[in-house]
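# Working through the structure, step by step
The lines below spell out each chain.
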Amino acid sequence: VRALGLDPADAYALDGEHRTIPFEKRVEPPYELFNLRLLAGVLDASLFGIVGRAMHTCDWLTTSRFCGRCGTQTKRHDSERSMVCPSCGLHVYPRISPAIITLVRRGDLALLASNAKFPGAFYSTLAGFADIGESLEETLVREVREEVGIVVRNVSYFGSQPWPFPNSLMIAFTAEWESGEIVVDPVELSDAKWFAADELPMIPPPLSIARRLIDAWVTEVTEGRPTLPRT
Ligand SMILES: [Zn+2]
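Values in this document were obtained by computation on a predicted structure and should not be read as measured data.

Judged by nonpolar contacts, the single largest core of 24 residues is most densely connected at Phe48, Ile101, Leu103, Leu112, Ile214 and Trp217. Those elements that place two or more of their residues in this core are helix 1 (36-39), strand 6 (97-106), strand 7 (109-115), strand 10 (168-179) and helix 4 (209-223). No other element matches helix 4, which puts six residues into this core.

Sizing a probe to match a water molecule and rolling it over the atoms shows the empty space that remains. Within this model, the largest pocket holds a volume of roughly 1200 Å³. Contributing to the lining of the largest pocket are 39 residues, with Arg37, Asn115, Phe118, Ala127 and Trp163 lying nearest its centre. Of all elements in the fold, only helix 1, strand 6, strand 7, strand 8 (126-129), helix 3 (136-148), strand 9 (151-163), strand 10 and helix 4 reach the threshold of two or more residues within the lining of the largest pocket. Broken down by element, the lining of the largest pocket gets its largest block of residues, four residues, from strand 8. For the lining of the largest pocket, the per-class residue count stands at 22 nonpolar, 10 polar and seven charged.

Turning our eyes to something else, we now look at the coordination of the zinc ion. In the first shell of the zinc ion, the protein supplies Cys67 (SG), Cys70 (SG), Cys85 (SG) and Cys88 (SG), at 2.3 Å from the metal. What the four donor atoms of the zinc ion show is an angle range of 100 to 121 degrees at the metal, which sorts the shape as tetrahedral. Judged by its relative accessible area of 2%, Cys85 is buried.

Turning to helix 2 (residues 45-63), a few remarks are in order. End to end, helix 2 covers 27 Å across 19 residues, agreeing with the expected 27 Å (1.5 Å per residue, within 8%). In this structure, the buried side of helix 2 is in contact with helix 1, strand 3 (75-76), strand 4 (83-84), strand 5 (91-92) and strand 9.

To continue, consider helix 4. Under the 1.5 Å per step criterion, the end-to-end length of helix 4 is 21 Å for 15 residues, consistent within 8% with the ideal 21 Å. For helix 4, every residue scored as buried is listed here: Ile209, Ala210, Leu213, Ile214, Trp217 and Val218. Where helix 4 is buried, its residues contact strand 6, strand 7, strand 9, strand 10 and strand 11 (189-195). Of the residues trailing helix 4, Gly224 is marked for its positive phi of about 85 degrees.

Quick look at unusual backbone geometry now. Trans peptide bonds make up most of the peptide bonds, and negative phi angles are found at most residues other than glycine. Cis geometry marks the peptide bond from Phe165 to Pro166; its omega dihedral reads 0 degrees. Considering the arrangement of structural elements, one finds Pro166 in the loop between strand 9 and strand 10. Non-glycine residue Asn154 carries a positive phi angle of around 50 degrees. Considering the arrangement of structural elements, one finds Asn154 in strand 9.

Per the counting criterion, the structure on display carries nine salt bridges. Here Arg142 makes a salt bridge to Glu134, at a shortest N to O gap of 2.4 Å. A relative accessible area of 16% places Arg142 in the buried class. Here Glu143 ties to Arg142 by a salt bridge, and the two come within 3.2 Å at their closest N and O atoms. Grouping residues by exposure puts Glu143 and Arg142 together as buried.

Criteria and thresholds
Residue positions are counted from 1 within each chain, in the order its sequence is given. Local features in this predicted model are restricted to residues of pLDDT 70 or higher, and side-chain atom pairs are both shown and tallied only at a pLDDT of 80 or more, whereas totals for entire chains, interfaces and linings draw on every residue. Processing note: side-chain calculations cover all non-hydrogen atoms of the structure and skip hydrogens and water entirely. Joining through side-chain atoms within 4.5 Å is the link that ties buried Ala, Val, Leu, Ile, Met, Phe, Trp, Tyr and Cys residues into a set, and such a set is a nonpolar core. When a residue's accessible area, from a 1.4 Å probe over protein chains only, is under 20% of the maximum for its type it is buried; when over 50% it is exposed; and in between it is partly exposed. A run of DSSP states H or I qualifies as a helix once it reaches four residues; a run of E qualifies as a strand once it reaches two. Both are numbered from the N-terminal end. Buriedness of a pocket was judged along seven lines, with at least five required to meet protein on both sides within 12 Å; pockets are open sets of points on a 1 Å grid over the protein atoms alone, cavities are sets where a 1.4 Å probe fits but cannot get out, and lining residues have an atom within 4 Å of a point. Grid points are joined across faces, edges and corners, and a volume is the space filled by probe spheres set on the points. For this classification, the nonpolar set comprises Ala, Val, Leu, Ile, Met, Phe, Trp, Tyr, Cys and Pro, the charged set comprises Asp, Glu, Lys and Arg, and every other residue, Gly included, is treated as polar. Coordination partners: N, O, S within 2.8 Å of the metal, 3.2 Å for Na, K and Ca; water not considered, so apparent gaps in a site are possible. Each label reflects the angles at the metal, where four donors whose angles all fall between 85 and 135 degrees are tetrahedral, four or six donors whose opposite pairs open beyond 155 degrees and whose other angles stay between 65 and 115 are square planar or octahedral respectively, and the rest are irregular. Here, expected helix span is obtained from the residue count minus one, scaled by 1.5 Å. Contacts are assigned to residue pairs that have any heavy atoms within 4.5 Å of one another. Salt bridge, as used here: a side-chain nitrogen of Lys or Arg that lies within 4 Å of a carboxyl oxygen of Asp or Glu.

The quantities given are spatial measurements derived from coordinates; they are silent on function.
Spelled out as C-alpha cells, the structure:
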C-alpha cells in the first residue's frame, strides 16, 4: 500500500493477507488507476482474464466479510476458496451471476441497442441477468421482450465469457426475430435499431463476447453461410 503512495489507514483488510483500497483514492506516479472496462480493448485476453479474476476475487472478499445468516465476522477457509462463519459454519463462496447476451437477427439485419446509462456511446447486443427459477433460454426470451418488445425463436448457444463487473458470467446466444416491432424500454435502453452489416454504429471493443457475436454475424452475412459438405 505504501509503495502505491497511499496511506495504509485508507486500506481496509480483506483478510489476514489482502487489503483493498477505495477506488476514489489517488495513487502517485508511476502508478495509475484504470477502470478495467476501459482496458478491455487494450489488454490481451490472458492478462484481462488474470486482472478480471483478481477483481472478482476482491469483490467477493469485500462483500463476504460478515456472515449473512448470523452477522458474525467471517474467516478465510484454510484449503478451499470460501469464507466461513466461525459461529454458525456458513460457507460463503464467490458469487457468480449468470447473464445472457444475445444477437437477434431479422433476415440479414441485427438488433443492436444503446444502453440508457451510456446513451449514444455505442450500440451492443442485448443482455440481462438470469432470474430465480429461469433457464437461460427463458431469460433470453423475457429480456428481449422486456427491453425491445419483440418475440424471438431459435435460440442457439454461441459461447461464454467471465465478465468481472463485478461478478458476471456472460452466456451468449443467437436468436431470430419472430414477431413484433421494436418498442424500447427507456429505463434500460436509450435506443435500439435493426442494423445492416455494412452500416454499423460504434460497437464494443474486441475482447468482449458482445463484439464476438457481432463479428461472427458480420462474417456470416458478408461471406455467406458456410456450405455443408454433401453426403
Ligand atoms: Zn453465521
